[in-house]
Amino acid sequence: MEIATTVAEARGFIRSWRSHDLAIGLVPTMGYLHEGHASLIQKAREECDRVVVSVFVNPTQFAPNEDLAKYPRDFAKDVKLCESLGVGLIFHPSPEEMYPPGYATYVEDPKLSENLCGRSRPTHFRGVLTVVLKLFLILEPTRAYFGLKDAQQFFILKRMVTDLNLDIALVPGPTVRELNGLALSSRNSYLSEEEKKAALSLNQALTLAKSLLRSGERQTATLIAAMKGAVAAEPLVKLDYAEIVETTGLSLIPEVTGEALVALAAYVGKTRLIDNFLWEGEDKV
Ligand code: AMP
């Protein structure tokens, strides 16, 4: 397995693979890898000749009041996991390598960033779109793998790939959870045992909404009120949002008539967690 810390080094490996017509699968991450990341890496390994994992805690997707400095990092452990999963290259640049002095160009999608996480993190998706486009241009993947745990991110990236005519297939992977339902996240490492238990209310709220949908409820106001009630029962959890949007423009909808994204974010203590499910008419995710 190769490790590149500069753009030039990474390009050396990528160019040689591409000259042999090898299909490259990219899994962008911020490191502190867990089973959720591993599932994407495994999928990429099955579908591509070479797998590239980027490990980069991207400063431009954090607002000044967020957890950039304390975001968990363990590169040695990430290297071991990637090695065991058959990764060909880890791209692990410094912030200065990605954003040298004078850096000024950003990619934005104000429409799809309007609701859900975009509302409470107004500069977040601009940072995500910018870094992912840079990773695409540096690492020239055939396919790129993203988790539906970050469903809004996936839809926004899909829009970018279409709008900018990028010749890259985006492949979604299902949310990997603990047995008790908690969605895996690097940020779960911030939680105390008590907070971990309280955090189960996020998935419980979504499960409640799903069962209401299954029993025929279609009014989003009713579904959202039920989710809010489930989260409010847990004193350690403060809801940021619970929203239901359609999956093309990510606009809020009064009624669920087709595919919809049911999503929420909440603070568990000081830690902000997100979770969601996709409703595809009859529930497939
Ligand atoms: P992150 O390192 O948190 O930026 O995540 C990197 C990639 O892994 C993103 O595409 C995430 O959606 C995905 N991911 C994170 N957590 C999970 C999970 N629990 N299940 C599936 N994919 C995940």
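Residues numbered from 1 in each chain as written. Predicted model: local features only at pLDDT ≥ 70, side-chain atom pairs only at ≥ 80, totals over all residues. Heavy atoms only, no water.

**Q** Is there a simple way to explain the site of the ligand in this structure?
**A** Among the 17 residues in the neighbourhood of the ligand, the closest are listed as His37, Gly147, Asp150, Val176 and Leu184. Between the ligand and His37, the relevant distance is 2.9 Å, taken from an oxygen atom to a side-chain nitrogen or oxygen of the residue. Between the ligand and Gly147, the relevant distance is 2.9 Å, taken from an oxygen atom to a main-chain nitrogen or oxygen of the residue. Surface burial for the ligand is 92%, taken as the share of its 480 Å² of free accessible area covered by protein chains. Elements with a contribution of two residues or more to the shell around the ligand: β2 (24–29), α2 (35–47) and β5 (143–147). Here the element with the most residues in the shell around the ligand is α2; it accounts for three residues. For the shell around the ligand, a count of residues per class yields eight nonpolar, seven polar and two charged. (Near = heavy atom within 4 Å. Polar contact = N/O pair within 3.5 Å; in protein donor to acceptor, adjacent residues only side chain to side chain. Areas by Shrake-Rupley, 256 points an atom, 1.4 Å probe, with all protein chains shown as cover. Helix = DSSP H or I, 4+ residues; strand = E, 2+ residues; numbered from the N terminus. Nonpolar A, V, L, I, M, F, W, Y, C, P; charged D, E, K, R; others polar.)

**Q** Help me understand helix α7 (residues 151–163), please; the structure alone is not making it clear to me.
**A** For α7, spanning 13 residues, the distance from its first C-alpha to its last is 18 Å, which sits close to the expected 18 Å at 1.5 Å a residue. Considered for burial, the residues of α7 that qualify are Ala151, Gln152, Gln153, Phe154, Phe155, Ile156, Leu157, Met160 and Val161. At its buried positions, α7 is contacted by α5 (117–120), α6 (124–139), β5, β6 (169–173), β8 (260–268) and β9 (271–279). Following α7 by one or two positions, Asn165 has its phi on the positive side, about 55 degrees. (Expected span 1.5 Å × (residues − 1). Buried < 20%, exposed > 50% of the residue type's maximum accessible area, 1.4 Å probe, protein only. Contact = heavy atoms within 4.5 Å.)

**Q** Would you mind going over the pattern of salt bridges with me for this structure?
**A** Between side chains of opposite charge, a pair can form as their charged atoms come close. On inspection of all chains with the given rule, the structure shows 10 salt bridges. Where Glu140 meets Arg15, a salt bridge forms, and the shortest distance between an N and an O atom there is 2.9 Å. Placement of Glu140 in the loop between α6 and β5 and of Arg15 in helix α1 (residues 7–19) is noted, with a sequence separation of 125 residues between them. Residue class for Arg15 comes out partly exposed when judged on its relative accessible area of 47%. Across the salt bridge formed by Arg177 and Asp275, the nearest N and O atoms sit 2.8 Å from each other. Within this pair, whereas Arg177 is found in the loop between β6 and α8 (193–214), its partner Asp275 is found in strand β9, the two being separated by 98 residues in sequence. Among the residues examined, Asp275 registers a relative accessible area of 3% and is labelled buried. Here the salt bridges share partners, and the residues they tie into one network are Arg15, Arg18 and Glu140. (Salt bridge = Lys/Arg side-chain N within 4 Å of Asp/Glu carboxyl O.)

**Q** Looking at this structure, how should I read the sheet that holds β6?
**A** In a beta sheet, neighbouring strands pair by backbone hydrogen bonds and run either parallel or antiparallel. Strand order in the open sheet formed by six strands is β1-β4-β3-β2-β5-β6, with parallel pairing between adjacent strands. Two strands lie at the open edges of the sheet, namely β1 (2–4) and β6, each paired on one side alone. Adjacent strand axes in the sheet meet at a mean angle of 25 degrees when their direction is disregarded. Where β2 lies against strand β3 (residues 50–55), six bridges are found, and the strand directions are parallel. (Pairing = 2+ DSSP bridges. Axes fitted to C-alpha atoms, helices over the stretch in contact; angles between N-to-C directions.)

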